[in-house]
Amino acid sequence: MPSASVHEFTAELVVRRRGTPAEGVAVLDLGYPDDAELPRWQPGAHIDLILGDGLTRQYSLCGDPRDLTTWRIGVLLDPASRGGSQYVHERLHVGSVVRVRGPRNHFAFVDAPKYRFIAGGIGITPIMTMVEAAALSGADWSLLYGGRSRRSMAFVDELVERHPDRVTVWPHDESGLLDLDSLLGEPEVDTVVYCCGPEALLSAVEDRCAQWPEGSLHIERFAAKAPSAQTDSAALERFEVVCQRSGITLEVEAGDSILELVEEAGVPITTSCYEGVCGSCKAKVLEGVPEHLDSVLKAPDKEAGDMILCVSRSRTPRLVLDL
């Protein structure tokens with residue numbers, strides 16, 4: 001049965017099914033052997049796989065949120081893998097046991113009359129559930145789905161079969177780069193844009209949506225933005241972090257990670273990516289002004305006082321956290 005982590009559900013689950021819906025992609029169905037229910041989740045959520053040897057990786061849930069017995073993920077075998085996707089492809093088979101934590105959602109699906117979905121490669125995984133939610137709601141929606149080739153694009157046949165009039169498949173080897181200008185060139189009223197994929201696609205979509213109404217664009221990154229893409233930092237080199245509930249004060253020097261210092265001090269906190277993309281080490285700021293250097297928090301989260309500890313820093317000499 002599940003065991004509790006600091007903040008989230010954690011459990012040992014079994015790989016109940018494994019498939020290969022595209023070249024280099026493995027789809028795993030995770031659950032309890034006795035079909036016991038798992039925590040509910042919403043489109044856009046992801047989970048952590050705790051793989052051992054210090055490996056923890058995040059993967060979007062791409063199954064049916066109404067199925068409470070199964071968590072489905074799709075994992076691309078990355079040629080530049082640091083070990084996570086290689087571990088999944090080589091060591092997780094039907095019957096394998098894997099430690100799982102979550103779900104967590106920083107890519108929440110919001111109600112809207114119109115949706116424009118854009119997916120690149122394995123970025124289709126969180127978009128899959130949103131497409132089905134939009135279809136069930138009766139909203140006006142379309143999906144532009146790009147990839148290197150058709151054989152590398154997971155779920156492409158399923159999507160086209162279910163929604164032939166709303167899904168546009170755009171393999172690079174057949175059609176070149178995605179035609180974002182025709183889709184996003186003119187802002188649409190009451191329309192929300194969701195995009196997930198490689199950084200080049202996300203940056204291009206951000207550029208096209210610069211003139212859209214605030215809040216129209218929702219994106220999810222699988223990797224942190226390059227430092228050159230970050231806003232010029234106003235962070236101090238040295239500052240003090242107070243963990244109020246724990247009664248611990250930490251001195252942060254240039255090059256230190258707040259998260260690592262918090263961990264070393266024994267303050268309970270959930271950790272995962274250490275890159276500012278998963279949101280697991282989020283903490284509430286009670287005093288001081290953080291310098292947000294993550295790739296996950298939205299403006300409302302920052303205004304509410306949330307902070308991602310692994311990469312962010314402080315603009316003020318003292319930062320008090322609800323830890």
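Structural data are supplied above this passage.
The structure displayed is predicted, hence computed values, not measured ones.

What follows concerns the packing of aromatic side chains. Tallying each qualifying case throughout the model produces eight aromatic pairs. Counting every residue linked through ring pairs, the aromatic cluster contains Phe107, Phe109, Tyr115, Phe117, Trp141 and Tyr194.

It is worth spelling out the environment of Thr249 at this point. Relative to the helices and strands, Thr249 is located in strand E14 (residues 248-252). For the pair Thr249 and Ala265, spaced 16 residues apart in the sequence, the C-alpha separation amounts to 9.3 Å. Sequence-distant contacts of Thr249, that is, excluding residues within four places in its chain, are made with Glu240, Val241 and Val242.

Residue Pro103 follows Gly102 across a cis peptide bond; omega there is -5 degrees. Locating Pro103 in the fold gives a position in strand E7 (residues 97-104). Its identity as a non-glycine residue notwithstanding, Tyr274 has a phi of 60 degrees, on the positive side. Looking at Tyr274, the relative accessible area reads 36%, which means it is partly exposed.

The next thing to look at is the sheet that holds strand E9 (residues 140-147). Hydrogen bonds along the backbone pair up the strands of a sheet, which may run parallel or antiparallel. Across the sheet, five strands lie side by side as E10-E9-E8-E11-E12; this open sheet has parallel pairing. Here the strands that pair on one side only, and so sit at the sheet edges, are strand E10 (167-171) and strand E12 (217-220). Neighbour-to-neighbour, the strand axes of the sheet open up by a mean angle of 15 degrees, direction not taken into account. Relative to E9, strand E8 (residues 114-120) runs parallel, the two being bridged by seven bridges. Residue pairing across strands places Lys114 opposite Asp140, the latter belonging to E9. Sitting on the sheet, helix H2 (residues 124-137) touches E8, E9, strand E11 (191-196) and E12, and the angle it makes with E8 is about 155 degrees. Relative to the sheet, helix H6 (residues 199-208) contacts E8, E11 and E12, its axis offset from that of E11 by approximately 160 degrees.

Compared with an ideal rise of 1.5 Å per residue, which puts 14 residues at 20 Å, H2 spans 20 Å between its outermost C-alpha atoms and is within 8% of the ideal. Turning to H2, its buried residues are Ile124, Thr125, Pro126, Ile127, Met128, Thr129, Met130, Val131 and Ala134. At the exit of H2 stands Gly138, carrying a positive phi of roughly 80 degrees.

Cut-offs used in this document
- Residues numbered from 1 in each chain as written.
- Predicted model: local features only at pLDDT ≥ 70, side-chain atom pairs only at ≥ 80, totals over all residues.
- Heavy atoms only, no water.
- Phe/Tyr/Trp six-rings, centres within 6.5 Å; stacked < 30°, edge-to-face > 60°.
- Helix = DSSP H or I, 4+ residues; strand = E, 2+ residues; numbered from the N terminus.
- Contact = heavy atoms within 4.5 Å.
- Buried < 20%, exposed > 50% of the residue type's maximum accessible area, 1.4 Å probe, protein only.
- Pairing = 2+ DSSP bridges.
- Axes fitted to C-alpha atoms, helices over the stretch in contact; angles between N-to-C directions.
- Expected span 1.5 Å × (residues − 1).

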